[in-house]
Amino acid sequence: MIWVMLVILFIFMLLGFPMLVGMIMAPLVSMVLYAPQADLIVLIQQMVSGISTYVLLAVPMFILAADIMCHGEMADRLLNFVGSLVKHVPGGLAITAGGTCTIFGAISGSTQATLVAIGKPMFKPMREVGYKDSHIIALLMSNANIALLIPPSICMIMFCVCTGESVGDLFLAGFGPGIMMFVGFSLYDFFYAKKNKIVSAEKSTGRERGIAFRKAILPLGFPVLVLGGIYSGIFSPTEAAAASVFYALILEGLVYRTLKWSDIPKIGLSTGFVTASVFILIAGGQAFSWIVSYAQIPQMLSETVFSHITSGTGVLLFVSVFFFIACMFVDSIPVIIIMSPIVYPVAVSAGVDPMQLGIIITMQSAIGCITPPFGCNIFTACGIFQKDFKTVVSGLAPYMIINLCIAIALVFFPDLALISLNLFR
């Protein structure tokens with residue numbers, strides 16, 4: 001049955017149908033062929049139940065908060081603050097872009113929102129000091145992906161929905177690997193700038209840094225609000241998402257006055273479109289996952305593939321390779337929904353910490369998003385920067401190598417993957 005489902009899925013993809021069509025048709029055809037006695041209404045019920053989880057209420061809220069912030073001036077304030085600290089060092093502009101992507105990712109939880117908010121204002125200044133277009137885009141895409149590891153991360157929410165693990169704990173665990181990615185990228189940007197003699201900006205004075213910090217202090221309160229609220233017990237993750245929307249409305253509407261009443265319908269429409277796209281994929285993924293479980297494919301996979309892999313490290317290596325390849329072709333959300341329930345029990349039985357598994361899956365999802373040929377953020381970057389496919393992907397190799405080195409380290413050194421969780425829990 002699994003081969004029939006995969007063939008149907010890839011046929012619809014090759015024919016140019018939306019991902020959802022293949023995800024629904026594959027289990028539907030499989031039910032008709034292999035379980036004709038089953039009532040097809042069950043498939044609809046599974047799709048509805050897939051999007052009926054309370055935790056998923058956080059997703060549209062974080063998307064709405066990100067849309068409000070992209071509309072306003074928070075990104076510019078963060079850029080000015082980070083730039084005042086590092087713009088004078090070799091690669092300062094690149095490190096400024098990376099640092100701001102990391103902070104903005106901790107606010108929005110969305111790679112696309114981060115790429116739009118930080119990429120647009122940074123592209124022209126970086127080009128003017130001598131960076132190639134391909135390098136700028138690769139830098140921005142790679143740093144924007146840190147948003148998947150720095151909470152609040154929609155991919156992390158999806159993993160926890162599928163496995164029943166704590167969203168708050170996985171959020172906290174994501175900080176360490178996310179910062180590792182930023183440090184790795186920054187070191188490369190530092191040596192790249194020195195080698196290519198990229199001009200650095202003048203060092204900011206203490207007064208200029210103070211002014212930049214005062215302007216950025218309220219946007220910097222977002223991570224404190226979300227994570228502080230969760231870990232102090234004031235908010236659940238879902239309530240923290242709603243609080244982030246309220247905070248964004250207050251800042252952009254009343255404090256900075258960049259948000260008008262007339263802007264709200266447009267922002268709401270954008271949020272509704274993205275939310276609908278995400279939830280349709282979740283519903284289709286739930287249908288696919290249910291038929292996989294109905295056919296006892298996880299048990300078959302355990303008996304065939306995982307019977308030869310007894311160590312936790314071996315399981316994580318298999319999971320890493322599978323998710324890396326899958327996310328090269330498919331959006332990370334349906335991959336997480338379909339595969340997490342399959343690999344989760346096997347990994348736990350092999351002694352893998354569920355938080356480490358969640359970090360590995362999220363990390364591979366991030367890498368897959370920018371991996372040719374079909375990484376979803378590649379096409380997002382093509383649209384944002386109006387560049388062809390070749391230009392967008394030609395500068396990715398160094399950042400991919402850094403990503404893969406970090407991913408391998410997280411597999412072999414569990415304490416490294418859970419460093420921030422162990423530090424604060």
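For every chain, the first residue of its written sequence is number 1, and the numbers climb from 1 along that sequence. Restriction of local features to residues with pLDDT of at least 70 applies here, the model being predicted, together with a cutoff of 80 or more for giving and counting side-chain atom pairs; totals for whole chains, interfaces and linings are based on all residues. In computing side-chain values, all of the structure's heavy atoms are included and hydrogens and water are not.

Re the overall build of the chain
Tallying secondary structure elements over the chain gives 23 helices and 0 strands in all. Each radius of gyration is computed over the set of C-alpha atoms, and the globule rule expresses the reference value as 2.2 Å times the number of residues to the power 0.38. Computed over C-alpha atoms, the radius of gyration of the chain comes to 22 Å, within 12% of the 22 Å expected from 2.2 N^0.38 for 425 residues, which places it in the range of a compact globule. Each principal axis of the C-alpha atoms in the chain carries an extent, and together these give about 75 × 50 × 45 Å. Within the chain, the fraction of its 425 residues that count as buried is 54%. Segments assigned H or I by DSSP are reported as helices when at least four residues long, segments assigned E as strands when at least two residues long, and all are numbered from the N terminus. Whether a residue is buried, partly exposed or exposed follows from its accessible area with a 1.4 Å probe, protein chains only, as a fraction of its type maximum: under 20%, in between, or over 50%, in that order.

Focus on the side chain of Glu252
Relative to the helices and strands, Glu252 is located in helix α13 (residues 237–255). Only 3.3 Å separates the side chain of Glu252 from the backbone nitrogen of Glu73, close enough to count as a polar contact. Pairs of residues are marked as contacts when any of their non-hydrogen atoms sit within 4.5 Å. Dropping the residues within four chain positions of it, Glu252 is found in contact with Ile68, Met69, Gly72, Glu73, Met74, Arg257, Thr258 and Leu259. Pairs of N or O atoms within 3.5 Å make up the polar contacts considered here, provided that, within protein, one atom can donate a hydrogen while the other can accept it, and that residues adjacent in sequence are counted only when both atoms are side-chain atoms.

Here we look at the packing of aromatic side chains
Any pair of aromatic rings gets described here by the distance separating the centres and the angle formed by the planes. Ring pairs shown here join Phe, Tyr and Trp side chains whose ring centres sit within 6.5 Å, with only the six-membered ring taken for Trp; geometry is labelled stacked below 30 degrees between planes, edge-to-face above 60, and tilted in between. Following the criterion strictly, the structure yields 9 aromatic pairs and no others. Ring centres of Tyr188 and Tyr399 lie 5.2 Å apart, and the angle between their planes is 80°; this geometry places the pair in the edge-to-face category. With a gap of 211 residues between them, Tyr188 in helix α10 (residues 167–196) and Tyr399 in helix α21 (residues 397–412) connect regions that are remote in the sequence. Taking the relative accessible area as the measure of exposure, Tyr188 reaches 24% and is therefore partly exposed. One aromatic cluster is present, formed by Tyr131, Phe185, Tyr188, Tyr192 and Tyr399 through successive ring pairs.

Some remarks on the nonpolar core
Counting 139 residues, the largest nonpolar core has Val59, Met141, Met158 and Leu357 as the members making the most contacts within it. Other than its neighbours up to four places away in sequence, Val59 contacts Ile154, Ile157, Met158, Val278 and Phe279. Nonpolar cores were defined as sets of buried Ala, Val, Leu, Ile, Met, Phe, Trp, Tyr and Cys residues, with membership established by side-chain atoms within 4.5 Å.

So, the environment of Gly174
Position of Gly174 relative to the elements: it lies in helix α10. Linking Gly174 and Met363, residues 189 residues apart in sequence, is a C-alpha distance of 9.3 Å. Here Gly174 is in contact with Leu149, Ile150, Met156, Ile359 and Ser420, once residues within four sequence places are set aside.

A look at the confidence of the model for the chain
Detail in the predicted coordinates should be disregarded across regions flagged by low pLDDT. For the chain, per-residue confidence averages 82 on the pLDDT scale, and 92% of positions sit at 70 or higher. Mean pLDDT values for the elements of the chain range from 61 in helix α15 (residues 297–304) up to 91 in α21. Confidence scores per residue from the predictor, reported as pLDDT, run from 0 to 100.

A closer look at the environment of Ile146
Structurally, Ile146 is set in the loop between α8 (133–144) and α9 (154–163). According to the relative accessible area criterion, Ile146 is buried, its value standing at 0%. Apart from residues lying up to four places away in sequence, Ile146 is in contact with Thr102, Gly178, Met181, Phe182 and Phe185.

Focus on the packing of helix α4 (residues 58–71) against α13
To obtain an axis, a line is fitted to C-alpha atoms, over the contacting stretch when the element is a helix, and the angle between two such axes runs from 0 to 180 degrees between their N-to-C directions. Remark: α4 packs on α13, axes separated minimally by 8 Å, with the N-to-C direction vectors making an angle of 20°. Compared by their axis directions, α4 and α13 come out roughly parallel. The way α4 lies across α13 gives a crossing that is left-handed. The segment α4 lies against α13, with Ala58, Met61, Phe62, Leu64, Ala65, Ile68 and Met69 engaging Pro237, Thr238, Ala241, Ala242, Ser244, Val245, Ala248, Leu249 and Glu252. Classification convention: Asp, Glu, Lys, Arg as charged; Ala, Val, Leu, Ile, Met, Phe, Trp, Tyr, Cys, Pro as nonpolar; all other residues, Gly among them, as polar. The residue makeup of the contact of α4 with α13, split by class, is 13 nonpolar, 2 polar and 1 charged. In these notes the angle categories are as follows: under 35 degrees is roughly parallel, over 145 is roughly antiparallel, 65 to 115 is roughly perpendicular, and the rest is oblique. Each crossing gets its hand from how the near helix is turned against the far one by less than a right angle, where anticlockwise is left-handed and clockwise is right-handed.

Description of helix α12 (residues 221–231)
Among all positions of α12, only Gly221, Phe222, Pro223, Val226, Leu227, Gly229 and Ile230 are buried. Trailing α12 by a residue or two, Gly233 shows a phi angle of about 85°, which is positive.

Re the packing of helix α5 (residues 74–86) against helix α6 (residues 92–108)
Packing of α5 against α6 brings their axes to within 8 Å, and their N-to-C directions diverge by 135°. Regarding the angle of α5 to α6, the classification is oblique. Judged by the sense of rotation from one axis to the other, the crossing of α5 with α6 is right-handed. Where α5 approaches α6, its residues Ala75, Leu78, Leu79, Val82, Gly83 and Val86 are matched on the opposing element by Gly92, Ile95, Thr96, Gly99, Thr100, Ile103, Phe104 and Ile107. A per-class count over the contact of α5 with α6 returns 9 nonpolar, 5 polar and no charged.

Describing unusual backbone geometry
Non-glycine residue Arg257 carries a positive phi angle of around 55°. When you line up the elements, Arg257 lands in the loop between α13 and α14 (264–294). Judged by its relative accessible area of 65%, Arg257 is exposed.

Things to note about helix α3 (residues 41–50)
Residues Leu43, Gln46, Met47 and Gly50 constitute the buried set of α3. Seen end-on, α3 carries its buried residues on one side only, within an arc spanning 100°. Working definition: the arc comes from the directions between the helix axis and the C-beta atoms, pointing outward to the latter.

A look at the pattern of salt bridges
Note on pairing: side chains with opposite charge can pair once their charged atoms come close. A carboxyl oxygen of Asp or Glu within 4 Å of a side-chain nitrogen of Lys or Arg is what we treat as a salt bridge. Under the criterion given, the structure shown has 3 salt bridges. Taking the shortest distance from any N to any O, the salt bridge between Arg77 and Glu73 comes out at 2.6 Å. Overall, the relative accessible area of 19% leaves Arg77 in the buried class. For Asp133, the salt bridge identified is with Arg127, shortest N-O distance 2.7 Å. For Asp133, a relative accessible area of 19% translates into the label buried. Residues joined by salt bridges that share partners form a network here, namely Arg127, Asp133 and Lys387.

Quick look at the side chain of Thr362
Along the chain, Thr362 falls in helix α18 (residues 354–369). Its relative accessible area of 0% is what places Thr362 among the buried residues. In this structure Thr362 touches Leu148, Leu149, Ser153, Cys155 and Met156, once residues within four positions along its chain are discounted.

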